[in-house]
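Here is what each chain is made of, one letter per residue.
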Amino acid sequence: MLSRAAALSSQSTKTLVALARATATSAANNAAASSPDTSIVRPVRQEPGKVRHGFIPEEWFQAFYNKTGVTGPYTFLFTLSTYLVSKEVYILEHEYYSGLSLAIMWIAGIKILGPKLANVLDKQVDNIEKEWNEGRVQEKASLEGSIADEEKAQWSFEGQNFLIAAKRENVALQLEASYRERLALAYQAVKNRLDYQLEKANAERRISQRNLVEFVVARVKASITPDQEKQNINKCIADLALLAKA
Amino acid sequence: MAFGDYPAEYNPSVHGPYDPARYYGKADTPLAQVKLSELGAWIGRRNKGPQAIAGAISRAYWRWQHKYVQPKKAGIAPFLHVVFGGMGLFYIMNYGKLSHHKNYKYH
């Protein structure tokens, strides 16, 4: 029980030490994280930029909207291309037609195979990310498990406190019981002695009384002379005669 | 500043990890917000040395990389950018030869 008490007190000191350590380190961290840290902007991975028709940035369309409305960019594209073609800045030679057929094949390929390929590749990306994260996730889970274990251990240690209190109470009860037992014992012993004294006094008185009586009787008997005895007997006979007459 | 060095203005303790798409010098007014009357002064303030031009192109390239190539689930857009950019570039490069294929004399 003493060791348990020692463990309890040492635990409280440990927590105090831990608290002190935590505050110390946090203070150190605060010292390290002086003014520059707050202004640092860490680059984050972006989401892919929005595009239309597979490759034209959405921002280019947005730039038109304030001035021309939603059809503006298409009108601009159409008029520019008619200008380029009609003035033969862009020349429709043989490569243009081969490019046109290639474009049709590309568009068909992208429309037909694109979603499937994207699905497969997205799954691969997710798998790779999951694999990279797995160690961390497992580590976190195991740490959380050990935290739960620790909390449970602390909880059961609190149970030990109740147990110790119960044991203390038990010991107090035992002490009380033995105290009362000894009290009763002492009472009994004193009473016995007093009874003995009383009995002794009684006996002494009784004996002395008897002795006195015997002494008195002996003296009285000794003081009776034979004449007196004779007279007495005569008197008795006379009394008996009287009684017989009556 | 030699080859392979970070820009002179870059300070890891202030700026954090190096971002090749970011300009670490003092920011000027963006070109889109410059008024026409201030345009001359704005161009005059530009650093037009070969190193600065190379840096500007590099930042633009990395901005494009971050936006279209490096995202986790990038689409086909960057590939098509290269295709159409290449088409335009080679059209301009070959324009002298292609112009012989014009179909009309007068426009």
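Since we're looking at a predicted model, the values are computed, not measured.

A few words now on the overall build of chain B. Secondary structure assignment for chain B yields five helices and zero strands. Written out in order from the N terminus, the α and β elements of chain B read α-α-α-α-α. A total accessible area of about 8100 Å² is found for chain B, and carbon and sulfur atoms account for 64% of it.

The next point concerns the interface of chain B and chain A. Every contact between the two is made by 30 residues of chain B and, on the other side, 32 residues of chain A. Where chain B abuts chain A, roughly 2700 Å² becomes buried across the two surfaces, and 59% of that area is made up of carbon and sulfur atoms. When the buried area of chain B at its contact with chain A is split by residue, Lys72(B), Lys73(B) and His107(B) rank highest and sum to 22% of it. Viewed at the interface, chain A and chain B are joined by three salt bridges. Here Glu59(A) makes a salt bridge to Lys67(B), at a shortest N to O gap of 2.5 Å.

According to UniProt, the positions carrying the feature "transmembrane region" (unreviewed entry) are residues 74–93 of chain B. What you have in residues 74–93 of chain B is 85% helix and 0% strand, and the ends, taken at the C-alpha atoms, are 30 Å apart.

What follows concerns the packing of aromatic side chains. Given two aromatic rings, one states the distance between the centres and the angle between the planes to describe the pair. Residue and element names in this part refer to chain A. This structure, assessed with the given rule, holds 14 aromatic pairs over all chains. Aromatic side chains phenylalanine 64 and phenylalanine 76 sit 5.3 Å apart centroid to centroid with 40 degrees between the ring planes, which places their arrangement in the tilted category. Taken together, the positions of phenylalanine 64 in helix α3 (residues 58–68) and phenylalanine 76 in helix α4 (residues 72–86) put the pair 12 residues apart, joining distant regions of the chain. Taking relative accessible area as the criterion, phenylalanine 64 reaches 26% and is therefore assigned partly exposed. Residue classification places phenylalanine 76 among the partly exposed positions, given a relative accessible area of 40%.

Take the confidence of the model for chain A next. All names here are of chain A. Within chain A, residue pLDDT values average 85, and 84% of them lie at 70 or more. Put simply, helix α1 (residues 2–32) is where chain A has its lowest mean pLDDT, 46, and helix α5 (residues 94–223) is where it has its highest, 94. Every residue in residues 4–8 scores below 50 in pLDDT, and together they form six contacts with partners more than four places removed in sequence or on other chains. Predicted confidence for residues 10–34 stays below pLDDT 50, and this span has one contact to residues more than four positions away or in other chains.

Another aspect to go through is helix α4 (residues 77–93) of chain B. Relative to the 24 Å expected for 17 residues at 1.5 Å per residue, α4(B) spans 24 Å between its end C-alpha atoms, a close match to the ideal helical length. Looking at α4(B), one finds that the buried residues are Ala77(B), Pro78(B), Leu80(B), His81(B), Gly86(B) and Tyr91(B).

A separate point is the side chain of Glu58(A). Residues and elements named next belong to chain A. Looking at where glutamate 58 falls in the secondary structure, it is placed in helix α3. Within the structure, the side chain of glutamate 58 is placed 3.0 Å from the side chain of arginine 52, a separation counted as a polar contact. Excluding anything up to four places from it in sequence, glutamate 58 contacts Lys50, Val51 and Arg52.

Definitions and limits used
- Residue positions are given per chain, counted from 1 along the sequence in the order it is written.
- All chains are assigned letters beginning with A, and all ligands numbers beginning with 1, in the order in which they are written.
- A pLDDT threshold of at least 70 governs which residues receive local features in this predicted model, and a stricter bar of 80 or more applies before side-chain atom pairs are shown or counted, although totals over entire chains, interfaces and linings include all residues.
- The side-chain numbers reported here are obtained from all heavy atoms of the structure, hydrogens and water having been left aside.
- For the purposes of this entry, the term helix denotes a DSSP run of H or I that reaches at least four residues, the term strand denotes a run of E that reaches at least two, and both are numbered from the N terminus.
- Where accessible areas are quoted, they stem from the Shrake-Rupley method and a 1.4 Å probe; at the residue level, only the protein chains shown are allowed to cover.
- Contacts between residues were defined by any pair of non-hydrogen atoms, one from each residue, lying within 4.5 Å.
- When two parts are put together, the accessible area they lose, computed with a 1.4 Å probe and summed over both, is reported as buried area.
- Should a side-chain nitrogen of Lys or Arg be within 4 Å of a carboxyl oxygen of Asp or Glu, the pair is scored as a salt bridge.
- UniProt positions are given in the numbering used here, feature names are shortened, and annotations may be inferred rather than shown by experiment.
- Think of it this way: a Phe, Tyr or Trp ring, Trp meaning its six-membered ring, pairs with another when their centres are within 6.5 Å, and the plane angle makes it stacked under 30 degrees, edge-to-face over 60, tilted otherwise.
- A simple rule labels every residue: compare its accessible area, found with a 1.4 Å probe on the protein chains alone, to the largest value its type can have, and call it buried under 20%, exposed over 50%, or partly exposed in between.
- pLDDT measures how confident the predictor is about each residue, on a scale from 0 to 100.
- Helix span is expected to be 1.5 Å times the residue number reduced by one.
- Any pair of N or O atoms that falls within 3.5 Å is considered a polar contact. Within protein, one atom must be able to donate a hydrogen and the other to accept it, and sequence-neighbouring residues count only if both atoms are side-chain atoms.

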